[in-house]
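# Working through the structure, step by step
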Amino acid sequence: MTKDSLYAPAEVSRWQSLALGIGAVFTIACLIGGYFNPEQGLRSWLLGFTYWGGISIGSLGILILQYLTGGAWGVVIRRIVEAGSRTIWFVALLFLPIIAGIVKIYPWASASKAELGHRFIYLNPMSFGVRAVIYFAIWFVMAYLLNKWSAQQDESTNPEEAAGFLGKATAFSGPTMVIFALVVTFASIDWVMTLDKNWYSTIWGLLYLIGWALSTFSFIIALLANLMDKAPLNRIIGKKHFHDIGKLMLALVMVWTYFNLSQFLIIYSGNLPEETPWYLNRMRNGWQYVGLLLIVFHFAVPYLLLLSRDIKRNAKWLSTIAIFILVMRLIDMYYHIGPQPFVGQAQTGFNPSWMDLAAPIAVGGLWLWYFFNELKKRPLIPHQDPFVENAIKHGQGH
Amino acid sequence: MHDLKEVQKKIYPPMVEGKHTFATVSDEIGDITLKKKTPFHWFIGFGIAFLIAQALLMTITYLLAKGIGIWGNNQPIGWAFDIINFVWWIGIGHAGTLISAILLLLNQKWRTSINRFAEAMTLFAVACAGMFPLLHTGRPWLAYWMLPYPNVMGMWQNFRSPLMWDVFAVSTYATVSALFWYVGLIPDLATLRDRAKNPFFKFVYGLLSMGWRGSARHWHRYEIAYLILAGLSTPLVLSVHSIVSFDFSVSQLPGWHATIFPPYFVAGAIFAGFAMVLILCIPLRHWYKMQDFITKTHLIYMGKVMLATGLIVVYGYFMEAFFGWYSENQYESYMIQNRIWTGPYWFMYWLLIFCNGISIQFLWFKRFRESEFWLFVISVIVSVGMWLERFVIIVTSLHRDFLPANWAMYSPTMFDWSMFLGTIGFFFTLIYLFVRFLPIISIFEVRTLLPDAHVEDHGHAHEHVGDEATA
């Protein structure tokens, strides 16, 4: 393998310009829409942000995870998740509208001290902003170091040196995973859970750790399926790689269901006045059908399809399911954000806005543009990794 | 190229050490059961365990005569040692299935040397666990009333109660674990049958091996059956302890009613289970000289799993405490305060944090993960910690509930202790019998790890190392 032949194919540049075009058009549309209806515009932007930001954060998480677990799948997707993790600072830019519109998004931002009690020190715009800065700073440092060592590994000249960088990244990943999990927990609490200033659920952080990991794996499958018929990945990616990542996707679909069922069943059985409103808002006025849609299409259908070994080994089918799951992930995020009454309102009906679709497309266009830019910068395979040959051979196996 | 293989081997060492062939593996493991003289320490250990198990029998006899009033349970602590010990044992019973099923599906070759006794441990732990709720009914001979069968008593089970779900979850788990263990034993029982000299043992092993001849068709069917059982038991690893956690979390009691309970209990179960696997495996490895099969790498991996699951458990403690504060709910806040510093059981909480939170931090260092001694010590501390966790969750949540007039303290009676210690004796009695009469490590699966097993695809003895590492 020569290093130069391992860069992303020319099509990626084409996708990049397309993403920028779509992103720009939809961003302008959202700006106009947001001007006339800022509450809705900001909330839709939050939806787009948590969705695409989740893939960026998820990429960092999977980058850390694959160093810890080892395995062929980790070697072949490493460069994709690295590119995803390098978009962190760009995601921080996409967060700025949320900071700016904090009072219009979060009910606690304008609530009085008496209303919030001792939580006031946690739920105020200042500490929310400071925490966001800390989250992004921590993620940025993690992504920076792991990417730096991986780039240095590419320059290494013998297996011992390459193994040294691998060892460094692996040792770093252990404690980093602990911090990462805590940061994601608090970020998801801050950004989404506090849309309801009274409601809380102790499993919330885990829901986001799993949900964002699932989005990321689905995104990786969709991308790999589109890259595998072109050089250089046509010589590298095999059906067994798809099989392995497909298994992980199946596992995450099941865990997503497990966590959501746990949360629902416990809150439903407890039937406490401080907890049930969250589900009550999501079980009437038409939102119940969105919930059913999630049960059937975020769980049952992908679960049954992914049980099949043949489907997991077929790049086309697997990527179709992955894109389907990506759409369901957006609906899942929408189910978290959409039914929440707007600031100052007691209740909300089923009122989807065109911006709930436009903003995720806008954020997605911008994010993908930057992501493809990062993807082009490095060879698509960590070609000096001590296990790269084994990982490629593993994929061609049966 | 040679250079690269060396580097890979350093990162992922082979899972069988020493120079072994198919025959030496059968000798080393099979001879413990068949040829070698039963070591003296076996008699000592078995004797002690058997003696302690008598405490269980005496307690049960007295319990059946007098009723469960002999326990320290009171109002409002209607659930104490019985449920604490049930959850503790059932948690320990989780590592077996995790190792046999989930690690099998994930192609983790290192499971091969430890799955057999981990599965045995699971079965014995579930047996110990089952005794507590059964005896808590007071009339265990009527336990079949819990099953929904057509009857003339006009009785219908409460399917909304997680205790009912427990009946199904635990009995399913026990059944599938037993099947999994037995199916996995069949080829090895046949090996023992073929090698046994004593006609009685030859007969018994022959009966148990169900006519296994090792033909290609047998192996083919065996592989399919084993994979199906692995697929079936994988969700069970999650479901059993999730349902145990529902016993608490679907109620409204602060300290019990928390949405994180299911995953947090499952992680705790695996954590406790791996601690018990290490407690059993370290002496076995040492006394029966199994270092070639249960290598340092195995210990290191188990230490890592223990660290990872322990950290998830600590995450659970942290989330409980954080949301206790965040909730701004007087009952939640009071429960956390009472548990951590103002209540009479505060030291139990901090002991728990020490056992489950602080002791495992040493596992970050390779020096501790490699050391038999330290791993053993940490595993014992963790086992104690997981018991304390259930004590803290159950007793400190119950003893001061919503009505201050209803508050009380809990102290176990002699019979609570004798029953708990008795089950430990019972558990180790079964473990000792297992070690004596069955192969403690799967003979035929360890053979597949040998270089000889890969002759066809490679030829070179250590060529395979990297493949396994990245599989």
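Above this text is the structure in question.
The rules behind these values
Residues numbered from 1 in each chain as written. Chains lettered and ligands numbered in written order. Predicted model: local features only at pLDDT ≥ 70, side-chain atom pairs only at ≥ 80, totals over all residues. Heavy atoms only, no water. Helix = DSSP H or I, 4+ residues; strand = E, 2+ residues; numbered from the N terminus. Buried < 20%, exposed > 50% of the residue type's maximum accessible area, 1.4 Å probe, protein only. Contact = heavy atoms within 4.5 Å. Expected span 1.5 Å × (residues − 1). 1 Å grid on protein atoms, 1.4 Å probe; cavity = no way out; pocket = protein on both sides within 12 Å on 5 of 7 lines; lining within 4 Å. Points joined across faces, edges and corners; volume = space filled by probe spheres on them. Nonpolar A, V, L, I, M, F, W, Y, C, P; charged D, E, K, R; others polar. Bend = angle between axes of the 7 residues up to and from the residue. Phe/Tyr/Trp six-rings, centres within 6.5 Å; stacked < 30°, edge-to-face > 60°. Lys NZ or Arg CZ within 6 Å of the ring centre and 35° of its normal. Buried area = accessible area lost by both parts, 1.4 Å probe. Salt bridge = Lys/Arg side-chain N within 4 Å of Asp/Glu carboxyl O. Axes fitted to C-alpha atoms, helices over the stretch in contact; angles between N-to-C directions. Parallel < 35°, antiparallel > 145°, perpendicular 65-115°, else oblique.

## Notes on the overall build of chain A
- A tally of helices and strands in chain A yields 16 helices and zero strands.
- Principal axes of the C-alpha set define a box for chain A whose edges measure 65 × 40 × 40 Å.
- With 398 residues in all, chain A has 62% of them scored as buried.
- Here the analysis covers contacts within chain A between residues at least 6 apart in sequence; of these, 83% occur between residues at least 24 apart.

## Observations concerning helix α15 (residues 355-377) of chain A
- With 23 residues, α15(A) should reach 33 Å at 1.5 Å per residue; the first-to-last C-alpha distance of 33 Å fits that figure.
- Most of α15(A) sits out of view: 17 of its 23 residues are buried.

## Section: empty space enclosed by the protein
- Evaluation of the coordinates by the stated rule reveals nine cavities of 30 Å³ or more.
- Its boundaries defined by the atoms lining it, the largest cavity holds a volume of some 130 Å³.
- Lining the largest cavity are 13 residues, and of these A:Y200, A:T202, B:H257, B:A258 and B:E332 sit closest to its centre.
- Of all the secondary-structure elements, those providing two or more residues to the lining of the largest cavity are α11 (296-326) and α12 (330-342) of chain B.
- When grouped by side-chain class, the residues that make up the lining of the largest cavity number four nonpolar, six polar and three charged.
- Approximately 50 Å³ is the volume attributed to the second largest cavity.
- In terms of lining, the second largest cavity is formed by A:L207, A:Y208, A:G211, A:W256, A:N260, A:R329, A:D332, A:M333 and A:H336.
- For the lining of the second largest cavity, the secondary-structure elements that each account for two or more residues are α9 (204-227), α10 (239-270) and α14 (315-337) of chain A.
- Element by element, the count of residues in the lining of the second largest cavity is highest for α14(A), at four residues.
- Classifying every residue of the lining of the second largest cavity gives four nonpolar, three polar and two charged.

## What about unusual backbone geometry?
- Of note, the bond from B:Q75 into B:P76 is cis; its omega dihedral lies within 30 degrees of zero at 15 degrees.
- Structurally, B:P76 is set in the loop between α3 (40-66) and α4 (81-92).
- Located in the positive-phi region is A:N285, a residue other than glycine, with phi close to 60 degrees.
- When you line up the elements, A:N285 lands in the loop between α11 (276-281) and α12 (287-306).
- For A:N285, a relative accessible area of 38% gives the class partly exposed.
- Residue B:M210 is not a glycine yet carries a positive backbone phi of 50 degrees.
- Tracing the sequence through the fold places B:M210 in the loop between α8 (199-208) and α9 (216-249).

## Observations concerning α12(A)
Residue and element names in this part refer to chain A.
- End to end, α12 covers 27 Å across 20 residues, agreeing with the expected 28 Å (1.5 Å per residue, within 8%).
- Largest kink in α12: about 25 degrees, centred on A300, with the proline P302 one to four residues after it.
- Those residues of α12 lying buried are W287, V290, G291, L294, H298, P302 and L306.
- Looking at the buried positions of α12, the neighbouring elements they touch are α9, α10, α11, α13 (309-313) and α14.

## Describing the side chain of A:S85
- Of note, A:S85 is situated in helix α3 (residues 72-85).
- Excluding residues within four positions of it along the chain, A:S85 makes contact with A:S56, A:S59, A:L60, A:L63, A:A143 and A:N147.

## Some points on the packing of aromatic side chains
- Applying the stated criterion across every chain, the model contains 103 aromatic pairs over all chains.
- When the centroid spacing of 6.2 Å and the interplanar angle of 65 degrees are considered together, the rings of A:Y135 and A:W191 count as edge-to-face. Of this pair, A:Y135 sits in helix α7 (residues 125-155) while A:W191 is found in helix α8 (residues 159-191), placing the two residues 56 residues apart along the sequence. When sorted by exposure, A:Y135 lands in the same class as A:W191, which is buried.
- Considering the side-chain rings of B:F180 and B:Y226, the 4.7 Å spacing of their centres and the 15 degrees angle between planes classify their relative orientation as stacked. With B:F180 in helix α7 (residues 162-195) and B:Y226 in helix α9, this residue pair connects regions lying 46 residues apart in the sequence. In terms of burial, B:F180 and B:Y226 fall into one category: buried.
- Of note, A:R282 hangs over the ring of A:W278, and the distance from its end group to the ring centre comes to 3.8 Å.

## What to know about the interface of chain A and chain B
- Counting from both sides, the interface comprises 53 residues of chain A and, opposite them, 43 residues of chain B.
- At the boundary of chain A with chain B, total buried surface from both sides reaches about 4,100 Å², with 68% on carbon and sulfur atoms.
- Contact with chain B buries surface across chain A, with A:T202, A:I266 and A:F387 losing the most and accounting together for 18% of the total.
- Between chain A and chain B we count zero salt bridges in total.

## Here we look at the packing of α8(A) against α9(A)
Residues and elements named next belong to chain A.
- Viewed as axis vectors pointing N to C, α8 and α9 meet at an angle of 105 degrees, and their least axial separation amounts to 8 Å. Overall, the two elements α8 and α9 adopt an arrangement that is roughly perpendicular. Between α8 and α9, the contacting residues are F180, A181, V184, T185, S188 and I189 on the first element and W204, G205, Y208, L209 and W212 on the second.
- Here the residues of the contact of α8 with α9 are counted per class, giving eight nonpolar, three polar and no charged.

## Digging into the environment of B:L227
All names here are of chain B.
- Looking at the element boundaries, L227 is found in helix α9.
- Sequence-wise, L227 and Y410 are 183 residues apart; in three dimensions their C-alpha atoms are separated by 47 Å.
- For L227, the residues in contact, after removing those within four places along its chain, are L104 and L105.

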